[in-house]
Each structure stands twice: as structure tokens, then as C-alpha cells.
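Descriptive structure summary
Listed below, chain by chain, are the residues.
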Amino acid sequence: MTKLVKIGLFLTTLSASSSLQPLSKAQVAEAPASSGFASSAPVSSIFKVVQVPNIRPFPFHSDLAAVSASSASDIWAVGQSGVHFDGTKWTAFALPDIAGDLTSGITGVADLAPDNVWSVGNINIGQQKPNQVIEHFDGAKWSISQGPPFQPSDQPSLQGLTAISSTDMWAAGSILTVINGFPEAFPLFEHFDGTSWTATIDESNLNHFMFGVSADATNDVWAVGNVALGATFIEHFDGTAWSVVPSPSPGNGQITLFGVTAIAPNDAWAVGFFVAAINQDRPQKTLIEHWDGTSWKVVPSPNVGGPNTTTISNQLRGVIAVSANDVWAFGDTDAFGPSKITNLVLHWNGTAWAIVPSPSPNPRHTLIDDVISGGTVIPQGNLWLVGVADGFGTMVLNATGQ
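It should be emphasised that the depicted structure is a prediction, and the values quoted were computed from it without experimental measurement. (Residues numbered from 1 in each chain as written. Predicted model: local features only at pLDDT ≥ 70, side-chain atom pairs only at ≥ 80, totals over all residues. Heavy atoms only, no water.)

So, about unusual backbone geometry. Of the consecutive residues F58 and P59, the connecting peptide bond is found in the cis state with omega at 15°. Along the chain, P59 turns up in the loop between strand 2 (48–50) and strand 3 (64–71). Residue R282 is joined to P283 through a cis peptide bond whose omega torsion reads 0°. Looking at the secondary structure, you find P283 in the loop between strand 20 (267–275) and strand 21 (284–291). Even without glycine at this site, N279 takes up a positive phi of about 60°. Mapped onto the secondary structure, N279 falls in the loop between strand 20 and strand 21. On the basis of relative accessibility, which here comes to 68%, the residue N279 falls in the exposed class. (Helix = DSSP H or I, 4+ residues; strand = E, 2+ residues; numbered from the N terminus. Buried < 20%, exposed > 50% of the residue type's maximum accessible area, 1.4 Å probe, protein only.)

In C-alpha cells, the structure reads:
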């Protein structure tokens, strides 16, 4: 296990086992463009709800956190369970060590081929000896894959996965490790070279957490997260080492970046949320930042309820890019009180971000409703978004080319 050391900011220790869920790297291809306004009521939308089986009955969880595809007939979505699309139907799979009770879950997936799929996540969440988990599908079954070695007292957590090729993959998260007798949390990066996984711990940045990771080349990998929910945090891998890249942190309350997509060395997007009021956790507002090859800058993004709403929260959990002028971000919007949590989709057309209508299945109509967590785009304008319906079940939305 190698360690990256550089001068950083030190804050009070925060547990590495956060409930914030990120987006894994999605494949990039052609997708449809649209604009409009989101609503919890039925709307005309390019997205259709796709019926996908749940591996377990309520009250167990089958929600999905990430999705990846090697083709239109080979799509994997994972989370509290796994579901696979063969071009005709979706089939549910139980994943090793994933119980469907929120004590474990897969957070990232990379579908390289029908017989070569990788996923990462966490087990023993909120229990003794929390740990990361890496799993592999060989075309017939899922099995546990050995990760990097850690100290017995370490608590590694993986929140995202990106694949440049079958011999070049990165997972990102954080690790709670003991330094001089005290538990400390640091960013964690793990690399797969086709044979084994190795870990890099950034011990210079205490209480910094990574939630999303994306790469467009071996020497162009981005990871995003936060500094103990108080500032955005971004690191970049140039083919040799990880280093911190400054990023803006609007507002005075909680803030984080959940997802990132790398398009080119001078074109990347990161998304999440921020809170304007000091020391507050709501209302959350969409946060979108863009890398132009020189610096990260905030790009204006819309919110359900408008820019000054005090009763509706909006947050983005992931972003995927078709091209520089065709980018999709997604998450959820929460109207406080008895209203429902509903899906939120934004689209970038090269000039501005706009809200796109998206259905919210919400089968039981409870207060725990619908959230989009992952997305992927495959050829012929086939866009897939995944998440949780009503807080417990699988949710898959699909938009085909127009």
C-alpha cells in the first residue's frame, strides 16, 4: 500500500462511513436532448418507467446506486441488489455479502464485457468492523475479489468506480485509520492493473471524503467529494500521482460534490449541492461546477421552486456526458413536510442547464420516495437512469433516441 503525502487542511475527525451515495462512471455515447420543468404530478417526459424485479420483498431494500453497460444488451445496475438487462428483460441477482437491510451496499459498477463486470461497495455499515467490498462477475456468477491489504483496525469505504480498460480501473472513497493512536479519516484511491488492487491513502488531507470518480484517459482521472461537509474537494490523477485541484465552495452551510464525469482534459463536470445559510443543512440547492482545463468554476443551475426557495431542497447525485454539448445531471428534489421526494433531471445543451421532466414511480406514496443515483448512456440515444422507488425498490428510467 502506497501513501501520498502533501500539505493539506486538518479538521476534526469525521466518520468515513457516510450515508451520502455517489454516482459511478457511466459510459459515454449519443443521447436525446430535452428541456422543461420537473413536477411530482404526471408530466410528458422522454423518460419511461421500466418494470424491474426486486430481489427481496418489502421491507427489504432492492434500491440501485449505479449502472454501467458494455452494450445495449448487457447492462448492470447495482446497489442493495443487482439487476441485469440482456436486451429483452431485466433479471434480479443476489450479490455476495449484500443483505438488502442497509448494512451493506454496492456503490459503483464498471461493465467491461458480458463476462467481465466489476463493482465496489461496503459491508458491515453501522456495525462492528465496517469494510469495503470488491466483487466480480465472470459471465456466470458474482464472487468476492481480493482488494488491497490494510491494517486490521482500518475501515476502508469505497464510493465510486471508473474503468479506462480492463487493466486500468480506479475506485475512490475514504478510510478511517489509526494514526498515533487516534482514528483519522483520509481520501482513499484504489487502482486495478488487471491483476491486483493497490491502495493510495492521501494522509495530507484529514477529514476529506471522495464520493465520485471518473476518467477519460489513464492520465486524466478526477475524484470529487467534500471536506467534512464544509467545502468541496477535488483531486486529479495525471498518470503519476494524485493532487488536489482548487474548487469553489458557494454558500455557508453544508456542501458536497457527489458525482463527476470526465470528457476531455479541458472538459469535466462535477455535481452535488450547497446550502446558502451558515451552519445549515437545508434548503439544499443544485451545485454544478465545470473544468475548462485551467480551473473549476460554478455554472448556474436551476432548482425546482426557483433560486430563492426556502421550502424545497434540490440535490444532484450524478452526472454523465454524451458530448461537450449534451450532458445530463440527476438526483432528487424534496418539498419539506408531507410532500414527496421526487426525481430531478437537468440537461446541458452547450449553453445552459434546464430542468427536464422525469417520472417518479412512487408505488406506495409514502414520505420516503424516489431518488435517481446512477446513469449510463449507450449508442443510438439510449439513456438509462437508476435509483430507488419509494425508498425500498428498484427504479429504472429509460429514454430512447428521438
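Inspection of every chain in the model, using the stated rule, returns 25 aromatic pairs. On the numbers, 4.6 Å between centres and 45° between planes, the contact of W118 with F192 is tilted. Placement of W118 in strand 8 (residues 116–123) and of F192 in strand 13 (residues 182–192) is noted, with a sequence separation of 74 residues between them. As far as the burial class goes, W118 and F192 line up, both buried. (Phe/Tyr/Trp six-rings, centres within 6.5 Å; stacked < 30°, edge-to-face > 60°.)

Let us now look at the pairing of strand 23 (residues 312–323). Among the twelve residues of strand 23, eleven are classified as buried, and the element is accordingly described as predominantly covered. Pairing analysis gives ten bridges linking strand 23 to strand 24 (residues 326–335), with the strands arranged antiparallel. Its bridge partner being in strand 24, V319 is matched across the sheet by A329. (Pairing = 2+ DSSP bridges.)

On to the pattern of salt bridges, then. Here the structure, examined in full by the defined rule, presents four salt bridges. D86 serves as the salt-bridge partner of K89, at 3.2 Å between the closest nitrogen and oxygen. For K89, a relative accessible area of 48% corresponds to the partly exposed category. The class of D86 is partly exposed, set by a relative accessible area of 32%. A salt bridge links D334 to R282; its shortest N-O distance comes to 3.7 Å. (Salt bridge = Lys/Arg side-chain N within 4 Å of Asp/Glu carboxyl O.)

Turning to the nonpolar core, a few remarks are in order. Judged by nonpolar contacts, the single largest core of 17 residues is most densely connected at W269, I288, L316, V327, A329, L346 and W353. Mapped by element, the contributors of at least two residues to this core are strand 20, strand 23, strand 24, strand 25 (341–348) and strand 26 (353–356). In terms of residues, this core owes the most to one element, strand 23, which gives four residues. Once you skip the residues sitting within four places of it in the chain, I288 turns out to touch W269, A270, V271, K297, V298, V299, S301, L316, L346 and W353. (Core = buried A, V, L, I, M, F, W, Y, C linked by side-chain atoms within 4.5 Å. Contact = heavy atoms within 4.5 Å.)

What follows deals with the sheet that holds strand 16 (residues 220–227). Across the sheet, four strands lie side by side as 15-16-17-18; this open sheet has antiparallel pairing. A strand with exactly one partner marks an edge of an open sheet, and here the two such strands are strand 15 (208–217) and strand 18 (242–244). Adjacent strand axes in the sheet meet at a mean angle of 25°, parallel and antiparallel pairs treated alike. The sheet contact formed by strand 16 and strand 17 (residues 232–237) spans six bridges and is antiparallel. Bridge pairing in strand 17 places V224 opposite I234. (Axes fitted to C-alpha atoms, helices over the stretch in contact; angles between N-to-C directions.)

With that settled, the discussion passes to the environment of S313. Among the structural elements, S313 can be located in strand 23. Residue S313 is classed as buried on the basis of its relative accessible area, which comes to 4%. C-alpha separation for the pair S313 and P283, spaced 30 residues apart in sequence, amounts to 4.7 Å.

For strand 19 (residues 255–264), the buried fraction is high: eight of the ten residues fall into the buried class. With eight bridges joining them, strand 19 and strand 20 adopt antiparallel strand pairing. Paired with T256 across the strands is F273, a residue of strand 20. Between the end of strand 19 and the start of strand 20, which pair antiparallel, lie two residues.

Turning to the sheet that holds strand 25, a few remarks are in order. Ordered by their spatial adjacency, four strands build an open sheet running 23-24-25-26, and the pairing between neighbours is antiparallel. The two strands at the open ends of the sheet, each matched to only one other strand, are strand 23 and strand 26. On average, each strand axis in the sheet is tilted by 25° relative to the strand beside it, whichever way the strands run. Pairing between strand 24 and strand 25: eight bridges, direction antiparallel. Bridge assignment links A329 to a residue of strand 25, and that residue is L346.

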